[in-house]
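Structural overview for review
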Amino acid sequence: MYDDPNRAVVLGWSGTLVQYHRGRARLVPGADAALVGARLASIPVIVLTEQPLREVAAQARRLRVADRLSIVIPGSRDRVAELAGLRVEYPRLAFVGSTEEEIVDARRADVLAFGFSGGGCAGRLLRAAGAESVMSKLDRSLALRVTEQRLFTASGELG
């Protein structure tokens, strides 16, 4: 088990961890494995969403992932400020988002941003918005990969 208190990964809720079908939240394929992998690597998963806490909590319980989320920041209207604040607590913070706006906000907060094109936004648009890289699926090693990337980029060892 890996243990570095400076690491954390922030994920968007809608479009990154869950998608909606007929008004009902479903986990994005690979999301469960990504959350399990983060837990096994002792990397906190933080959810940053505009949705109300009650709604996210109910969905997380129904989807059986509530215990895998370290922090949920609901009702967020200023993503840049939230991410900048989290970056102080977790210097090796990485963000995974599914919209151009999320990627731009993460970059403005000086947080390494990764795009997730499985949420509906084209990978080329996420890359153009400033995503370090774009992934089309989530998997067990997601949190470890993106926080490692943050580590090497922050230390100047990666191009």
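Computed from a predicted model, the values in this text were never measured in an experiment. (Residues numbered from 1 in each chain as written. Predicted model: local features only at pLDDT ≥ 70, side-chain atom pairs only at ≥ 80, totals over all residues. Heavy atoms only, no water.)

Before going further, it helps to examine the sheet that holds strand 7 (residues 112-116). Hydrogen bonds between backbone groups are what pair the strands of a sheet, and the pairing can be parallel or antiparallel. In space, the six strands of this open sheet follow the order 5-4-1-6-7-8, with parallel pairing throughout. On the outer flanks of this sheet lie strand 5 (71-73) and strand 8 (134-135), each paired with one strand and no other. In the packing of helix 3 (residues 79-89) onto the sheet, the strands contacted are strand 1 (7-12), strand 4 (45-48), strand 5 and strand 6 (92-97), and the crossing angle to strand 6 comes to about 150 degrees. (Pairing = 2+ DSSP bridges. Helix = DSSP H or I, 4+ residues; strand = E, 2+ residues; numbered from the N terminus. Contact = heavy atoms within 4.5 Å. Axes fitted to C-alpha atoms, helices over the stretch in contact; angles between N-to-C directions.)

Secondary-structure assignment places Leu-125 in helix 5 (residues 123-128). As for Leu-125 and Leu-69, which are separated by 56 residues in sequence, their C-alpha atoms are 28 Å apart.

Next up on the list: the nonpolar core. Of all hydrophobic cores here, the largest spans 30 residues; its most connected members are Trp-13 and Leu-17. Where this core is concerned, the elements lending two or more residues are strand 1, helix 1 (31-40), strand 4, helix 2 (53-62), strand 6, strand 7 and helix 6 (142-154). Top element by residues in this core is helix 1. It accounts for four residues. Counting residues in hydrophobic clusters, the runner-up holds 20 residues, among them Ala-106, Val-111, Ala-129 and Ala-131. (Core = buried A, V, L, I, M, F, W, Y, C linked by side-chain atoms within 4.5 Å. Buried < 20%, exposed > 50% of the residue type's maximum accessible area, 1.4 Å probe, protein only.)

Burial along strand 4 is two-sided: Val-45 and Val-47 facing one way and Ile-46 and Leu-48 facing the other are all buried. Bridging between strand 1 and strand 4 involves four bridges; their strand directions are parallel. Counted as the bridge partner of Val-10 is Ile-46 from strand 4. Sheet topology note: the strand 4/strand 5 ladder contains three bridges and is parallel.

We now examine helix 3. All buried positions along helix 3 are accounted for by Arg-79, Val-80, Leu-83, Leu-86 and Arg-87. For helix 3, the buried positions fall inside an angular range of 130 degrees around the axis, keeping them on one side. When the buried face of helix 3 is taken as reference, the exposed residues oriented beyond 90 degrees from it are Val-88 and Glu-89. (Arc of directions from axis to C-beta.)

In this section: the environment of Leu-93. Mapped onto the fold, Leu-93 is located in strand 6. Placed 19 residues apart in sequence, Leu-93 and Leu-112 show a C-alpha to C-alpha distance of 7.1 Å.

Another aspect to go through is the pairing of strand 3 (residues 24-27). In summary, the side chains of a regular strand alternate between the two faces of the sheet. Inspection of the sheet shows strand 2 (residues 18-21) paired to strand 3 by four bridges, in the antiparallel sense. Its bridge partner lying in strand 3, Gln-19 is registered against Arg-26. Count of turn residues in the strand 2/strand 3 antiparallel hairpin: two residues, of which Arg-22 carries a positive phi of about 55 degrees.

For the structure on display, the rule yields seven salt bridges. The shortest N-O distance in the salt bridge between Arg-7 and Glu-148 comes to 2.6 Å. You can see Arg-7 sitting in strand 1 and its partner Glu-148 sitting in helix 6, a full 141 residues away along the chain. Look at Arg-7 and you get buried, because its relative accessible area is 0%. For Glu-148, a relative accessible area of 22% puts it in the partly exposed group. (Salt bridge = Lys/Arg side-chain N within 4 Å of Asp/Glu carboxyl O.)

What follows is about helix 4 (residues 100-108). Listed as buried for helix 4 are Glu-102, Ile-103, Asp-105 and Ala-106. An end-on view of helix 4 places all buried positions within 165 degrees of arc, on one side of the element. In this structure, helix 4 carries Glu-101 and Arg-108 as exposed residues pointing more than 90 degrees from its buried face. Check the buried side of helix 4 and you find it contacts strand 1, helix 3, strand 6, strand 7 and helix 5. Just downstream of helix 4, Asp-110 is the residue with a positive phi angle, here 60 degrees.

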